[in-house]
Amino acid sequence: MNNKTILVIAEYLDGKLNPITDELIACAIEIKKIFDLKAKDISEVNVLYEIKVIHFKGINSLESEKYKSFLFPIIREINPSFILMGHTSQGIDIASGLAVRIGCNCITNINKIIYSQPENIDGSEGSKSNILFSRSVFKGKFNTIVGVENLETIILLTIQSGSFYIKDCCKEYNNIISNEECYLSNVDDSIISLIEYGDIVYSCTTNSKLNEAKVIVACGRGIGDKENIEYIKKMAACFTGSAVAGSRPLIDMGWLPYEQQVGITGAIVSPELYLAVGISGSSQHIAGMKDSKFIVSVNKDPNAAIFNFSDISIVEDCLSFIEEFIYSKQA
Amino acid sequence: MKILVCIKQISTSEINLNGSGKWVTQGSSSSFAISRFDENALEEAILLKERFGMLNTSVDVISVGSQTAAESIKRGMGMGADNGIHVITEDKGYVSGSLTALRVATMIKKISKSGNTIKMEESDYSLCPYDLILTGIMSEDLMQAQVGPMVAEHLGIPCITSVVKINFDDNLNVSDNRIDKIEVQRELEGGIRQNIKVKLPALLTIQAGINQPRYPSLSNILRANKKEILTYNIVDAQSSSSFDPLKVIRVEYPEKKRAGKILNGTTKDKAMELKNILKQRGLLI
Ligand SMILES: Cc1cc2nc3c(=O)[nH]c(=O)nc-3n(C[C@H](O)[C@H](O)[C@H](O)COP(=O)(O)OP(=O)(O)OC[C@H]3O[C@@H](n4cnc5c(N)ncnc54)[C@H](O)[C@@H]3O)c2cc1C
Ligand SMILES: Nc1ncnc2c1ncn2[C@@H]1O[C@H](COP(=O)(O)O)[C@@H](O)[C@H]1O
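*Asks:* When you look at the overall build of chain A in this model, what are you seeing that I'm missing?
*Replies:* Broken down by element type, chain A carries seven helices and 16 strands. Once local pairs closer than 6 in sequence are excluded, the contacts in chain A between residues at least 24 apart make up 67%. About 13600 Å² of surface is accessible on chain A, with carbon and sulfur atoms providing 48% of the total.

*Asks:* Could you clarify how one ought to interpret helix α4 (residues 229-237) of chain A in this entry?
*Replies:* Since the α-helix advances by 3.6 residues per turn, residues separated by three or four positions end up pointing in the same direction. Residues and elements named next belong to chain A. Of the residues making up α4, those classed as buried are I229, I232, M235 and A236. One side of α4 carries all its buried residues, which in axial view fall inside an arc of 115°. The outward face of α4, more than 90 degrees from its buried face, is lined by the exposed residues K234 and A237. If you follow the buried residues of α4, they end up packed against β12 (215-219), β13 (242-246), β14 (273-277) and α7 (318-330).

*Asks:* When you look at the site of ligand 2 in this model, what are you seeing that I'm missing?
*Replies:* Residues and elements named next belong to chain B. Near ligand 2, the surroundings consist of 17 residues, among which C6, D38, V64, S139 and A145 are the closest. Within the side chain of S139, a nitrogen or oxygen atom sits 2.7 Å from an oxygen atom of ligand 2. Contact with the protein chains covers 98% of the free accessible surface of ligand 2, which is 480 Å². Elements with a minimum of two residues in the shell around ligand 2: β6 (58-65) and β10 (132-136). Broken down by element, the shell around ligand 2 gets its largest block of residues, three residues, from β6. Here the shell around ligand 2 is composed, by residue class, of eight nonpolar, seven polar and two charged.

*Asks:* Please explain the site of ligand 1 as it appears in this structure.
*Replies:* Among the 29 residues in the neighbourhood of ligand 1, the closest are listed as R221, S247, T265, S280 and D317 of chain A. More than one chain reaches ligand 1: the nearby residues come from chains A and B. Note that an oxygen atom of ligand 1 is positioned 2.6 Å from one of the side-chain N or O atoms of S247 of chain A. Between ligand 1 and R36 of chain B, the relevant distance is 2.9 Å, taken from an oxygen atom to a side-chain nitrogen or oxygen of the residue. When the free accessible area of ligand 1 is taken as 980 Å², the share hidden by the protein chains comes to 89%. Residue assignment for the shell around ligand 1 shows that the elements contributing at least two residues are α5 (248-252) and α6 (283-289) of chain A. Along the lines of polarity and charge, the residues of the shell around ligand 1 split into seven nonpolar, 14 polar and eight charged.

*Asks:* Can you walk me through the packing of helix α3 (residues 89-102) of chain A against helix α4 (residues 147-155) of chain B in this structure?
*Replies:* Angle between the axes and distance between the axes are the two parameters that describe a pair of packed helices. Interhelical geometry of α3 of chain A versus α4 of chain B gives an angle of 45° and a closest axis separation of 8 Å. Taken together, the axis directions place α3 of chain A and α4 of chain B in an arrangement best described as oblique. The hand of the α3 of chain A/α4 of chain B crossing is right-handed. On α4 of chain B, the residues that touch I92, S96, G97, V100 and R101 of chain A of α3 of chain A are P149, M150, E153 and H154 of chain B. Across the contact of α3 of chain A with α4 of chain B, the residue classes tally to four nonpolar, three polar and two charged.

*Asks:* Honestly, the interface of chain B and chain A in this entry has me stumped. Any pointers?
*Replies:* By convention, interface size is frequently given as the accessible area that disappears when the constituent parts associate. Across the contact, 81 residues belong to chain B and 95 residues belong to chain A. Across the chain B/chain A interface, buried area totals approximately 8000 Å², and carbon plus sulfur atoms make up 56% of it. When the buried area of chain B at its contact with chain A is split by residue, M143, E153 and R258 of chain B rank highest and sum to 9% of it. Counting across the interface, chain B meets chain A through eleven salt bridges. Two residues, E140 of chain B and R221 of chain A, come together in a salt bridge whose shortest N-O distance is 3.2 Å. Counting every contact that joins chain B to chain A gives 49 residue pairs in polar contact (both at pLDDT 80 or more). Among the secondary structure elements, those contributing two or more residues to the side of chain B that touches chain A are β3 (15-17), α4, β11 (159-167), β14 (181-187), β15 (192-199), β18 (246-252), β19 (261-262) and α7 (267-280) of chain B.

*Asks:* Quick question: what am I supposed to make of the sheet that holds strand β5 (residues 82-86) of chain A here?
*Replies:* Pairing between sheet strands relies on hydrogen bonds along the backbone, with the strands arranged either parallel or antiparallel. Spatially, nine strands are ordered β10(A)-β4(A)-β1(A)-β5(A)-β9(A)-β6(A)-β7(A)-β8(A)-β18(B) in an open sheet, and the strand pairing comes out mixed. Since the sheet does not close on itself, it has two edges, and those belong to β10 (177-183) of chain A together with β18 of chain B, each with one partner. Ignoring which end each strand starts from, the neighbouring axes of this sheet average 40° apart. As paired elements, β5 of chain A and strand β9 (residues 155-159) of chain A share five bridges and run parallel to each other. By the bridge assignment, L84 of chain A is partnered in β9 of chain A with L157 of chain A.

*Asks:* What should I look at first to understand the nonpolar core in this one?
*Replies:* Note that soluble globular proteins tend to have their nonpolar side chains buried in a common cluster. Counting 47 residues, the largest nonpolar core has I9, F56 and L156 of chain A together with I85, Y130 and I133 of chain B as the members making the most contacts within it. A total of six residues in this core trace back to one element, the largest contributor, which is helix α2 (residues 64-78) of chain A. Those residues in contact with L156 of chain A that sit more than four places away from it in its chain are I83, M85, A95, L98, A99, C104, N105, C106 and I107 of chain A. Membership of the second largest hydrophobic core comes to 43 residues, among which are C27 and V146 of chain A together with V248 and V251 of chain B.

*Asks:* Please clarify how the domain arrangement of chain A should be interpreted in this entry.
*Replies:* All names here are of chain A. Taken domain by domain, chain A holds domain 1 (2-194) and domain 2 (208-330). In this structure, domain 1 and domain 2 have C-alpha centres spaced 34 Å apart. Taken together, the seven residues of domain 1 in the interface contact ten residues of domain 2. Here domain 1 packs against domain 2, burying approximately 620 Å² in sum over the two surfaces, 47% of which is carbon and sulfur. Scanning the region where domain 1 abuts domain 2 turns up one salt bridge.

*Asks:* I tried to follow the confidence of the model for chain B on my own but got confused; where do I start?
*Replies:* The predicted coordinates ought not to be read in detail in places where the model reports low pLDDT. Residues of chain B with pLDDT of at least 70 account for 92%, and the chain-wide mean is 90. Among the scores for the predicted complex, ipTM is 0.94 and pTM is 0.94.

*Asks:* I tried to follow the side chain of S134 of chain A on my own but got confused; where do I start?
*Replies:* Residues and elements named next belong to chain A. Tracing the backbone through its elements, the reader meets S134 in strand β7 (residues 131-137). Of the residues examined, S134 reaches a relative accessible area of 0% and is grouped as buried. Those residues in contact with S134 that sit more than four places away from it in its chain are N109, I110, N111, K112, I114, N143, T144 and I145.

What counts, and at which threshold
Residues numbered from 1 in each chain as written. Chains lettered and ligands numbered in written order. Predicted model: local features only at pLDDT ≥ 70, side-chain atom pairs only at ≥ 80, totals over all residues. Heavy atoms only, no water. Helix = DSSP H or I, 4+ residues; strand = E, 2+ residues; numbered from the N terminus. Contact = heavy atoms within 4.5 Å. Areas by Shrake-Rupley, 256 points an atom, 1.4 Å probe, with all protein chains shown as cover. Buried < 20%, exposed > 50% of the residue type's maximum accessible area, 1.4 Å probe, protein only. Arc of directions from axis to C-beta. Near = heavy atom within 4 Å. Polar contact = N/O pair within 3.5 Å; in protein donor to acceptor, adjacent residues only side chain to side chain. Nonpolar A, V, L, I, M, F, W, Y, C, P; charged D, E, K, R; others polar. Axes fitted to C-alpha atoms, helices over the stretch in contact; angles between N-to-C directions. Parallel < 35°, antiparallel > 145°, perpendicular 65-115°, else oblique. Left-handed = near helix turned anticlockwise from the far one by under 90°. Buried area = accessible area lost by both parts, 1.4 Å probe. Salt bridge = Lys/Arg side-chain N within 4 Å of Asp/Glu carboxyl O. Pairing = 2+ DSSP bridges. Core = buried A, V, L, I, M, F, W, Y, C linked by side-chain atoms within 4.5 Å. Domains from an automatic or database assignment. pLDDT = per-residue confidence, 0-100.

Written out as structure tokens, the structure reads:
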């Protein structure tokens, strides 16, 4: 029996386990299922994929350069087939650099694992593997399905949060998931001495009116001009208990204050109604509003990603639509 | 202080699936821009140059891409970059972060700087010719967040991602006409930030919101037009599809997570219908 490892790097912040870790485990199970299937396909079961979750102790996971130096020998020793990390600020800071150091494949921001019959794969240009990975491109409008040529090389994946869920059926896998604690030993690496990691600052609270609002009217770059925020305010005034919010670029440009930013680096909201106006629907924005009870989007691009997360899709120029809506409400 | 900014040219025209579903086509009126986060990175570099003019600070921009990328390099020089570097490729379609990073790093190792001028050396330099390298946190089209950290690793210099503040003034160790160490703040999820001090040379990936990129100035554009861009052809002519460890199999629309009922008719019809739907759900009175 030939064992292979799918290595999950548990993520911690302030000593607390980050929920992304569960998603990583769910993703690892999907990978394992694909290889179990493949083994069945070619009627040989001589490779067993096991899932190992490692929890690093005695090291602040935000000290990325240290973390990389620490992980490097461990990965060398385990020699896993896959390494899974979150596509989080920590994952982004560590994964790609580490992959270069190891000399392995690295694919970031994965939202789906796909099993593909080998014959479906174009031989000359395509991947020879049965496992393909989906990642979001062009503001979430498309998924690119990618594979690697050589499955013998380690593949490091970072996983887009909100893409994988631990389902009940995963329980049967409990026995093949092992948890391991690793302690920091002295690592000697010249890069570490070049960086001094300082304090964490909780700069601004995301504790805004947004959390109490029943209705949120959120605008994005599609509104075109700062002045047009006035339209959004008028739209919001149509509803009771409403608030105005924005996608990150509007906050970055100073059109709205930070408290009104929705998304992974802003507020996570779930109002009764979320009205997205001129917002493309990048994963970082979706992460902040996908649990809203009812979602209505206005975008001039019929294929905008936001429509995949909407109950009602309105393909229109947003300003004309708002004008018409306000007018129809008064009528 | 010698600063390099990695800029990627992106298409701003309409993007659709191509016939074979293997990649995308870009609208007939091809229009281009510098990827948004890279403009932030370049603005930050120019602010540093203005602040540390006395340290003989210069800013170069580098872009890997087809002939049209030269336009974005010129725009970068219009914003205030001193030199432009163009690694010319013939790639069509997806280029993985690891291949782009390798190309950027290989080019950086070929560059030698003296004063404000750059030269390409035959043999690779082992040392990083720049004190500071800035990239965007991610490219607007491929959204990998890879190229910066990978370039840093190839060059053996520290890397800090998602930087939202570079502290120019405090604790700066200006010695020997160069800045020894800078202090930055990087952003995590949910409004949390981390303070970090790093010795130069280092690579930072820049998050939007750090500044407001300026428009190119006429005088800079005129100066840029007179100046030659340092070009390097990927002579081995390895097209990305044969050279890239990553293979793109197809491109598809993401699955719908919710019904996404499309409202039809005139703008007015749609407004009326939405009003009725919201009323029915008790969301509008
Ligand atoms: C680490 C990281 C964290 C991030 N965190 C966040 C976050 O917390 N929140 C967030 O929002 N973003 C965040 N982002 C940015 C995110 O990736 C996107 O860049 C951003 O969400 C896009 O904002 P947008 O939809 O307003 O703009 P765009 O993506 O430019 O979309 C504009 C949309 O408007 C449409 N449009 C244009 N004109 C019109 C018109 N006249 N009428 C109707 N529609 C029109 C276009 O079709 C397009 O879909 C983060 C990015 C990174 C790298
Ligand atoms: N072709 C390129 N030429 C120059 N810089 C690039 C290129 N592609 C990516 N970069 C830089 O790397 C950053 C991250 O890109 P990516 O890894 O594709 O998300 C971008 O913001 C750019 O600064």
